[in-house]
Amino acid sequence: MLELSCRQLRDDIAAGRVKSVDAVEAVFAQIEKHEQTIGAFVSTFKDIALEKARSVDAKIAAGEKVGLLAGVPVAIKDNMCTSFGATTCASKILENFHAPYDAGVVEKLNAADAVIVGKCNMDEFAMGSSTENSGLKQTVNPWDNSKVPGGSSGGSAAAVAGRMCFASLGSDTGGSIRQPASFCGVVGLKPTYGRVSRYGLVAYGSSLDQIGPFGRDVGDAALMMNVIAGHDERDSTSVGADIAPVADCLVDLDKPVEGLKIAVVPQFNAGASDEVQAAITAALEAYKGMGAEIVEIEMPHIDYAIAAYYVIATAEASSNLARYDGVHYGHRTADPKDYFEVYSKSRAEAFGDEVKRRIMLGTYVLSSGYYDAYYLKALKVRNLIRGDFTAAFEKADCIMMPVSPTTAFGIGEKTDDPMQMYLADIYTIAANLAGVPGVSVPCGFDSGNMPIGLQIFTPAFTEDKLLRIARMYEKEHQWHTKVP
Amino acid sequence: MSNKIDEAQARQVAKLSRLDLTDDEIKRFSGDLSSILEYIEKLDELNTDSVEPLAHCLPVHNVFRADVPKESLTAEQAVANAPERYDNYFKVPKVLDDNSGA
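Novice: Which residues make up the overall build of chain B, and what are the values?
Specialist: A tally of helices and strands in chain B yields three helices and two strands. Listing every helix and strand of chain B by position from the N terminus yields α-α-α-β-β. Over its C-alpha atoms chain B spans a radius of gyration of 23 Å, topping by over 25% the 13 Å that the globule rule assigns to 102 residues. Each principal axis of the C-alpha atoms in chain B carries an extent, and together these give about 55 × 50 × 30 Å. Per-residue burial over chain B gives 18% buried out of 102 residues.

Novice: Tell me what's going on with the overall build of chain A, and back it up with residues and numbers.
Specialist: Of regular secondary structure, chain A possesses 16 helices and 11 strands. For chain A, whose C-alpha radius of gyration is 21 Å, the value lies close to the compact-globule estimate of 23 Å for 484 residues. Dimensions of chain A along its principal axes, counting C-alpha atoms only, are 65 × 55 × 50 Å. Within the span of chain A, comprising 484 residues, buried residues form 64% of the whole. Across chain A, contacts joining residues at least 24 apart in sequence account for 76% of those joining residues at least 6 apart.

Novice: Got a sec to walk through the sheet that holds strand β11 (residues 451-457) of chain A? Specific residues and values, please.
Specialist: Working definition: the strands of a sheet are paired by backbone hydrogen bonds and lie parallel or antiparallel to each other. All names here are of chain A. Strand order in this open sheet of 11 strands is β1-β3-β2-β4-β6-β5-β10-β11-β9-β7-β8, and the pairing throughout is mixed. Strand pairing shows two members of the sheet lacking a second neighbour, β1 (41-44) and β8 (293-296), which therefore form its edges. Each adjacent strand pair in this sheet contributes to an overall mean axis angle of 30°, direction not counted. In the packing of helix α3 (residues 46-61) onto the sheet, the strands contacted are β1, β2 (73-77) and β3 (115-120), and the crossing angle to β3 comes to about 155°.

Novice: Outline the interface of chain B and chain A, supporting the account with residue identities and numerical values.
Specialist: Chain B puts 42 residues into the contact, and the matching count from chain A is 55 residues. When contributions to the side of chain B that touches chain A are tallied by element, the ones reaching two or more residues are α1 (7-16) and α2 (23-40) of chain B. The dominant element in the side of chain B that touches chain A, judged by the number of residues it contributes, is α2(B), at seven residues. Grouping the constituent residues of the side of chain B that touches chain A by class yields 29 nonpolar, six polar and seven charged.

Novice: Account for the pairing of strand β6 (residues 210-215) of chain A, naming residues and giving values.
Specialist: Residue and element names in this part refer to chain A. By the criterion of burial, β6 is predominantly enclosed, with six of the six residues buried. As defined by bridge partners, strand β4 (residues 167-172) adjoins β6 across six bridges and the pair is classed as antiparallel. Residue pairing for β6: Asp-172 is matched across the bridge by Gln-210. Where strand β5 (residues 187-190) lies against β6, two bridges are found, and the strand directions are antiparallel. Within β6, the position partnered with Gly-188 by the bridge is Phe-214.

Novice: Tell me about the pairing of strand β10 (residues 438-445) of chain A, residues and numbers included.
Specialist: Residue and element names in this part refer to chain A. Counting buried positions over the eight residues of β10 gives seven, a clear majority of the element. Where β5 meets β10, three bridges bridge the pair, whose relative direction is antiparallel. Bridge pairing in β10 places Gly-188 opposite Ser-440. Count of turn residues in the β10/β11 antiparallel hairpin: five residues, of which Asn-449 carries a positive phi of about 65°.

Novice: Before we move on, can you summarise the nonpolar core with the specific residues and values?
Specialist: Formed by 186 residues in total, the largest nonpolar core has its most connected members in A:Val74 and A:Ala308. Per-element tally for this core: the top contributor is helix α10 (residues 305-320) of chain A, with 11 residues. Excluding residues within four positions of it along the chain, A:Ala308 makes contact with A:Ala378, A:Val381, A:Arg382, A:Ile385, A:Leu433 and B:Leu43.

Novice: Describe the environment of A:Ala334, and please don't skip the residues or the numbers.
Specialist: Residues and elements named next belong to chain A. Structurally, the position occupied by Ala-334 is in the loop between α10 and α11 (339-350). Taking the C-beta count within 10 Å as the criterion, Ala-334 has 8 such neighbours and is therefore assigned exposed. Note: C-alpha distance between Ala-334 and Ala-272 (62 residues apart in sequence) is 49 Å.

Novice: Tell me about helix α4 (residues 104-111) of chain A, residues and numbers included.
Specialist: Residues and elements named next belong to chain A. Taken as a whole, α4 has its buried residues at Gly-104, Val-105, Val-106, Lys-108 and Leu-109. Where α4 is buried, its residues contact β2, β3, β4, β6 and α7 (218-228). Once α4 finishes, Asp-113 follows within two positions and takes phi at roughly 65°, a positive value.

Novice: Outline the environment of A:Ser43, listing residues and values.
Specialist: Residues and elements named next belong to chain A. Tracing the backbone through its elements, the reader meets Ser-43 in strand β1. Taking the C-alpha atoms as reference, Ser-43 lies 9.5 Å from Thr-88; in sequence the two are 45 residues apart. If near-sequence neighbours (up to four positions away) are discounted, Ser-43 is found in contact with Gly-85, Ala-86, Gly-118 and Lys-119.

Novice: Residue-level account of the packing of α10(A) against α2(B), with values.
Specialist: Put simply, α10(A) and α2(B) touch, their axes get as near as 9 Å, and they point 125° apart. What the angle tells us is that α10(A) and α2(B) run oblique. Where α10(A) crosses over α2(B), the two elements pack in a sense that is left-handed. Along the contact surface, α10(A) presents A:Ala307, A:Tyr310 and A:Val311, while α2(B) presents B:Ile36, B:Tyr39 and B:Ile40. The residue makeup of the contact of α10(A) with α2(B), split by class, is six nonpolar, no polar and no charged.

Novice: Lay out unusual backbone geometry in plain terms, naming residues and giving numbers.
Specialist: A:Ser152 follows A:Gly151 through a cis peptide bond whose omega is 10°. Here A:Ser152 is to be found in the loop between β3 and α5 (154-161). Its identity is not glycine, yet A:Phe125 carries a phi of approximately 55°, on the positive side. Take A:Phe125: it is sitting in the loop between β3 and α5. According to the C-beta neighbour criterion, A:Phe125 is buried, with 30 such atoms within 10 Å. Look at B:Asp87: it is not a glycine, yet its phi comes out positive at around 50°. As for its position among the elements, B:Asp87 is in the loop between β1 (85-86) and β2 (89-90).

Calculation rules
Per chain, the residues get numbers from 1 upward, laid out in the order the sequence is written. Each chain gets a letter, beginning with A, and each ligand a number, beginning with 1, in the order they are written. In keeping with the model being predicted, local features are shown solely for residues with a pLDDT of at least 70 and side-chain atom pairs are shown and tallied solely at 80 or more, while totals for entire chains, interfaces and linings include all residues. In this description a helix means any DSSP run of H or I spanning at least four residues, a strand means any run of E spanning at least two, and both kinds are numbered starting from the N terminus. Every radius of gyration here is taken over C-alpha atoms, with the globule rule written as 2.2 Å times N^0.38, N being the number of residues. Residue burial is a threshold on neighbouring C-beta atoms within 10 Å of the residue's own C-beta, all placed from the backbone, with 20 or more meaning buried, 12 or fewer meaning exposed, and counts in between meaning partly exposed. A pair of residues counts as a contact when their C-beta atoms, built from backbone coordinates, are within 7 Å of each other. A strand pair is defined by DSSP finding two or more bridges across the two strands. Axis angles are defined between N-to-C directions and span 0 to 180 degrees, where every axis is a line fitted to C-alpha atoms and, for a helix, only to the segment in contact. Put simply, Ala, Val, Leu, Ile, Met, Phe, Trp, Tyr, Cys and Pro go in the nonpolar bin, Asp, Glu, Lys and Arg in the charged bin, and everything else, Gly too, in the polar bin. Buried Ala, Val, Leu, Ile, Met, Phe, Trp, Tyr and Cys residues form a nonpolar core when they are connected through C-beta atoms within 7 Å. Roughly parallel means an angle under 35 degrees; roughly antiparallel means over 145; roughly perpendicular covers 65 to 115; every other angle is labelled oblique. For a crossing to be left-handed, the near helix must be turned anticlockwise from the far one by less than a right angle; the clockwise case is right-handed.

Written out as structure tokens, the structure reads:
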């Protein structure tokens, strides 16, 4: 049963051929077997999940209409608020925080009759690329336990790859869905900024953060997208149908894009390891075989994306994380001598190194005398980067490149040098600055049997087309059917 | 290598950030921030004189709604996570000292 797609499982449950309770039991048997090693979850909710599964089964038995994810066990990243359990962001500062409400996406999962089995580990406050910055636990890659799962949504990716849920949600601020999807051999989609409500998503970089799905195949990512997309008046940056109606990502998924034109930037592929390069080249050849045309382009400003990102994201983070003050919720230092220490000691005791580093950097670039030189400059470069995407989409339907220069690296390999970790995000970060959607789809394995991801971008609010393009490749190659 | 951010500056930034850091952390972060800022200066290679800053990518700007009260959290829910509370209030140490004359 664990190998069924979400679509198949949902149909089987809705038709009464499979009980949701049995699917939930199967998932928890898998969690009990592997979680000790993989460490994908911060918390799991067996009792709540079984209760929900029983209620879905009862609805079906009574002949009631059920939702798009009826009875399907799913997981979410632990930076999405839930009215049950804790919402920790994998931070000691929120270790005991119990949100009084559900995030917009959690409401949508509930309305679709999904069963949430657990909340996934991540880099603290989504700051990182390996999940090693979690303040609570370590997650390893299901394909090789000495390797990182990627990050920051490492737990969400590992849970799907390890068959400990059927699909999951992550968030992506600079690659945090696509890179772990690539490292763990699953499909990961970062939607257009504004497509999915951020209401109840703990903020990191508010102009960059976006929630998106992990699925074992493109179809499951499309199904999850159909569930979570749409306007939410509680998130003023979520976009309504007046600007961009929500497209059904599943209905035409198997319809190839006729006359597909693919833009590639030759030096990007050349910047990846030999094995990643070879896999990307082979994928491009496969598209050519399907009649696609490859257009070589330049994106001259992408080289500046990491620099612009670490100004903008940290500036936004320093402001967003000011709310952790030891007063309203979260950790408070034991014996403050004055109100200043309530803030400064509470924060110093409970934030991890990377969070402190980014708050410091963001505070610095926003401080008087440096604002124009760093922050304003970065916002201007952001505009140039968006221009690179606009120009590319005038010449082609989509852009393709690697997700990451390498496959999953070893645990501890990059933790000593923050710059090294940052530079590995070169291919993913620009899409967040430009707001466009991007997907990682499995496109092979390296000699160590570690998954490689192909990254595809399309213009804003065209997730349906993006997934159709990804599906064209997946249909022919079936890398996604391999299991760790 | 001279640091772009020396330890005194790092201490000032830590204060603005409300982070009570140890000497060891100050030392480490002044080095880390210096090398990150050095990398960020790459942005100066680009001439952006005629480029508008882009704060976000959406075709929407101010979003207003009618000013009507809606269901919200109860006071109990709002303070439920407080580290320290007194009835439905957040409890904090004294902000002004006894000799402040306030």
